[in-house]
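# Descriptive analysis of the structure
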Amino acid sequence: MAGPLKMKSNEAGRATDNAGDRVGKLLERGPVVVLSGAGLSTASGIPDYRDCEGRWKGAQPIQHSDFLRLESVRQRYWARSFFGWPTVARAAPGRGHHALAQLERAGRVELIVTQNVDGLHHKAGSASVLELHGGLAAVICLSCRARHPRAAVQDWLHAANPELAGNPAPVAPDGDAHVAAELYAGFRVPACPACGGLLKPDVVFFGDSVPRERVASAMAAIKAAAGLLVVGSSLMVYSGFRFVEFARREGKPVMAVNLGRTRADHLLDAKVEQDCDAFLDGLRMRLMPAT
Ligand SMILES: NC(=O)c1ccc[n+]([C@@H]2O[C@H](COP(=O)([O-])OP(=O)(O)OC[C@H]3O[C@@H](n4cnc5c(N)ncnc54)[C@H](O)[C@@H]3O)[C@@H](O)[C@H]2O)c1
Ligand SMILES: [Zn+2]
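Notes on the structure follow. Everything numeric here is computed off the predicted structure, so don't read it as measured data. (Residues numbered from 1 in each chain as written. Chains lettered and ligands numbered in written order. Predicted model: local features only at pLDDT ≥ 70, side-chain atom pairs only at ≥ 80, totals over all residues. Heavy atoms only, no water.)

### Comments concerning the overall build of the protein chain
Of regular secondary structure, the protein chain possesses 10 helices and 12 strands. A compact globule built from 291 residues would reach a C-alpha radius of gyration of about 19 Å, and the protein chain, at 20 Å, matches this within 12%. Each of the three principal axes of the protein chain carries a C-alpha extent, and together these read 55 × 40 × 40 Å. Buried residues in the protein chain amount to 52% of all 291 residues. (Helix = DSSP H or I, 4+ residues; strand = E, 2+ residues; numbered from the N terminus. Rg over C-alpha atoms; globule rule 2.2 N^0.38 Å. Buried < 20%, exposed > 50% of the residue type's maximum accessible area, 1.4 Å probe, protein only.)

Shown next, in the form of structure tokens:
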């Protein structure tokens with residue numbers, strides 16, 4: 001199969017061929033499903049995992065089974081999250097998030113399927129959002145299934161570990177932060193106040209699976225849409241990649257806006273290698289000239 005039609009930006013950031021036009025024409029044909037990833041949130045101060053070659057930039061993320069099995073892993077997770085959460089809580093949506101919300105209101109976007117857990121699509125005002133991997137804003141009890149707001153859990157973490165609050169911790173992907181091991185070795189992890197059970201953020205960790213009904217509703221939306229537009233994702237994680245395979249099987253066009261390699265490059269009908277904020281904002285202006 002021929003490779004995707006590519007567009008790179010020149011120094012002025014303008015298109016040098018017409019992959020971008022093809023994305024515009026796709027949205028004119030009918031509403032699309034957007035699959036978004038960490039690249040859309042980097043401008044909001046939340047780092048992504050992979051570089052433009054699709055390689056890991058930092059340490060491996062937490063594994064679901066380790067979190068369930070090991071107290072030391074939970075101490076590490078919650079200590080790092082204690083420092084990482086404020087960045088996510090404060091983050092503001094970028095131009096790309098806002099452009100997608102406006103494109104949805106104009107009937108150009110049917111559903112955003114996001115691999116992100118930062119809640120920024122909702123903050124930007126998008127109504128039709130499927131958080132494939134859940135969201136950091138809620139914490140669930142693994143015993144009684146109570147849902148607790150993450151902001152409340154932050155207070156519990158603080159109350160249990162007041163001596164840690166002033167320490168600096170550089171931000172890492174996914175609501176995480178780099179925290180020295182000696183700081184989290186004695187970290188006190190609060191339990192569910194309702195039943196004493198284990199608390200876990202309401203996100204799908206690596207090694208866990210995405211609930212079946214979420215996958216089914218994303219697929220139903222793709223089936224009904226004009227096509228699939230991937231934004232800011234390397235697609236290295238299968239839970240996102242499968243929607244590209246599915247869209248292809250359904251005969252739907254698949255296009256991507258991403259700086260760097262994706263796992264699906266050979267499956268794309270068009271690829272725009274440009275900053276997704278700049279591109280999506282341009283797309284919004286092109287399709288909604290009055291805004
Ligand atoms: N913001 C978040 O919620 C967040 C952040 C990090 C990781 N995660 C989780 O980790 C997994 C990571 O997979 P992924 O594919 O979403 O991310 P990824 O890190 O694997 O890929 C991000 C891609 O975006 C590109 N990119 C970065 N900045 C860009 C920009 N401004 N414009 C265009 N492209 C840009 C990168 O080159 C990379 O190819 C997901 O499952 C997600 O749940 C979430
Ligand atoms: Zn409980």
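### Some words on the sheet that holds strand β9 (residues 199–203)
With antiparallel pairing, the 3 strands of this open sheet are ordered in space as β6-β5-β9. Strand pairing shows two members of the sheet lacking a second neighbour, β6 (147–149) and β9, which therefore form its edges. Within this sheet the neighbouring strands show an average axis-to-axis angle of 45°, counted without direction. This element, helix α3 (residues 71–90), spans β5 (134–141) and β9 of the sheet and lies at about 140° to β5. (Pairing = 2+ DSSP bridges. Axes fitted to C-alpha atoms, helices over the stretch in contact; angles between N-to-C directions. Contact = heavy atoms within 4.5 Å.)

### Side note on unusual backbone geometry
The phi angle at Arg 145 is positive, at roughly 65°, despite the residue not being glycine. Looking at the secondary structure, you find Arg 145 in the loop between β5 and β6. The phi dihedral of Leu 235 is positive, around 60°, even though this residue is not glycine. Summarising the element assignment, Leu 235 is placed in the loop between β10 (228–231) and α9 (238–249).

### Digging into the site of ligand 1
In the vicinity of ligand 1 lie 27 residues, with Gln 115, Ser 233, Ser 234, Leu 259 and Asp 275 positioned nearest. Taking His 133, its side chain carries an N or O atom lying 2.9 Å from an oxygen atom of ligand 1. Asn 258 is positioned with one of its side-chain polar atoms (N or O) 2.9 Å from an oxygen atom of ligand 1. In isolation ligand 1 exposes 860 Å². Once the protein is present, 95% of that is buried. Among the residues forming the shell around ligand 1, the class breakdown is 10 nonpolar, 12 polar and 5 charged. (Near = heavy atom within 4 Å. Polar contact = N/O pair within 3.5 Å; in protein donor to acceptor, adjacent residues only side chain to side chain. Areas by Shrake-Rupley, 256 points an atom, 1.4 Å probe, with all protein chains shown as cover. Nonpolar A, V, L, I, M, F, W, Y, C, P; charged D, E, K, R; others polar.)

### Re the coordination of the zinc ion (ligand 2)
All of the protein donors around the zinc ion (ligand 2) are Cys 141 (SG), Cys 144 (SG), Cys 192 (SG) and Cys 195 (SG); their distances to the metal are 2.3 to 2.4 Å. Around the zinc ion (ligand 2), the 4 donor atoms are arranged such that angles at the metal cover 97 to 118°; this shape is classified as tetrahedral. Coordination of the zinc ion (ligand 2) draws on donor residues from a single chain, spaced C-x2-C-x47-C-x2-C in sequence. The exposure class of Cys 195 is partly exposed, given its relative accessible area of 40%. (Donors = N, O, S within 2.8 Å, 3.2 Å for Na, K, Ca; no water. Tetrahedral: all angles 85-135°; square planar, octahedral: opposite > 155°, others 65-115°.)

### Thoughts on the nonpolar core
If you look at the biggest cluster of nonpolar residues, it comprises 28 residues, and the most contacted ones within it are Phe 67, Tyr 77, Trp 78, Leu 136 and Phe 187. Put simply, the parts of the chain that give this core at least two residues each are α3, β5, α6 (150–160) and β9. Ranked by residue count, the leading element in this core is α3, at 8 residues. Tyr 77 has contacts with Ile 62, Phe 67, Leu 136, Pro 201 and Phe 205, leaving out every residue within four places of it along the chain. Membership of the second largest hydrophobic core comes to 27 residues, among which are Leu 111, Leu 132, Val 254 and Ala 256. (Core = buried A, V, L, I, M, F, W, Y, C linked by side-chain atoms within 4.5 Å.)

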